[in-house]
Amino acid sequence: MIRADGLVKHFDGGLIKALDGVGLEVRLGEVCAITGPSGCGKSTLLNLIGALASPTRGEIRIDGRPLAELGPACLYRRRYLGFVFQLHHLIPDLTLCENVEIPLMTTALGRRKRRERAMALLAEMGLEHRAGSMPSRVSGGERQRAAVARALAMEPPIVLADEPTGSLDSRNAGLILDALLARCRQLNTTLVIVTHDPGVAARADRVVEMLDGRIL
Ligand SMILES: Nc1ncnc2c1ncn2[C@@H]1O[C@H](COP(=O)(O)OP(=O)(O)OP(=O)(O)O)[C@@H](O)[C@H]1O
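Residues numbered from 1 in each chain as written. Predicted model: local features only at pLDDT ≥ 70, side-chain atom pairs only at ≥ 80, totals over all residues.

Looking up the chain in an unreviewed UniProt entry gives the name ABC transporter (Glutamine transport ATP-binding protein), with the organism given as Imhoffiella purpurea. Listed under Sequence similarities (unreviewed entry) in UniProt, the entry text for the chain is "Belongs to the ABC transporter superfamily." (UniProt positions renumbered as here; feature names shortened; annotations may be inferred.)

Listed below in structure tokens is the structure:
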């Protein structure tokens, strides 16, 4: 589903070599954890796969097609990707339900269907009772669960998660991981998850270790 070949990413005119020739293949429906010490290039790799940045050299293919052939980056992201970051990035002035509905606004779904889908996802995350709350009025774990619901709203074939449980206690981290993995397994979603947490990595199909901009 995802194939990266010879990925190099330099910053500051080549002074910083964040990625130094990375090759990676992630199969359809696979859950792949990326681990490694701080600064080894994990987020950079995820950002390149997510077309949030472009490589200095190398190529990424999705479903066999180079990223450049999939149209503008925003279209690629909308069609293929759901993102979960360490910080939830919910819109503070919208309720949890409205936040989950946002990606669905780009579809042909009417208002009622959008609301139904958002509510169903929030229910899966154990948040139906919080659907009408503002992000500032719920706990950190609940905010992050809503962010996961939003990432999954479009049923993207690929979910990219960067330390999704990094800011949470172990109970909330477990809840989020359970919900994310259950949904990805159910829909055969390809999940790439950057994590420092050995407990998270242990639940992946495959663990890829990075060091100094390379995969070990
Ligand atoms: N926008 C940027 N400008 C300059 N240097 C950057 C930029 N983004 C990342 N880097 C550098 O690239 C290297 C890899 O960073 P990256 O964030 O990918 O590491 P990481 O493994 O995700 O680290 P962490 O686990 O701490 O999040 C680091 O040396 C970092 O300082």
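*Asks:* What am I meant to see in the sheet that holds strand S1 (residues 2–11) here?
*Replies:* The pairing of strands in a sheet comes from backbone hydrogen bonds and takes either a parallel or an antiparallel form. What the four strands build is an open sheet, ordered S2-S1-S4-S5; its pairing is antiparallel. If you trace the sheet from one side to the other, it starts and ends with strand S2 (16–26) and strand S5 (65–66), each paired once. With five bridges joining them, S1 and strand S4 (residues 57–62) adopt antiparallel strand pairing. Each residue of the ladder has a partner; that of Asp 5, found in S4, is Glu 59. Against the sheet, helix H1 (residues 42–49) touches S1, S2 and S4, its axis set at about 120° to S1. (Pairing = 2+ DSSP bridges. Helix = DSSP H or I, 4+ residues; strand = E, 2+ residues; numbered from the N terminus. Contact = placed C-beta atoms within 7 Å. Axes fitted to C-alpha atoms, helices over the stretch in contact; angles between N-to-C directions.)

*Asks:* Looking at this structure, how should I read the packing of helix H5 (residues 140–152) against helix H6 (residues 170–187)?
*Replies:* Two measures define how a pair of helices packs: the angle their axes make with one another and the distance between the axes. At a closest axis distance of 10 Å, the pairing of H5 and H6 adopts a crossing angle of 15°. In terms of orientation, H5 and H6 fall into the roughly parallel class. The element H5 and its partner H6 pack so that their crossing is right-handed. Every residue of H6 that contacts H5 at Gly 141, Gln 144, Arg 145, Val 148 and Leu 152 is listed here: Asn 172, Leu 175, Ile 176, Ala 179, Leu 180 and Arg 183. For the contact of H5 with H6, the class distribution of residues is six nonpolar, three polar and two charged. (Parallel < 35°, antiparallel > 145°, perpendicular 65-115°, else oblique. Left-handed = near helix turned anticlockwise from the far one by under 90°. Nonpolar A, V, L, I, M, F, W, Y, C, P; charged D, E, K, R; others polar.)

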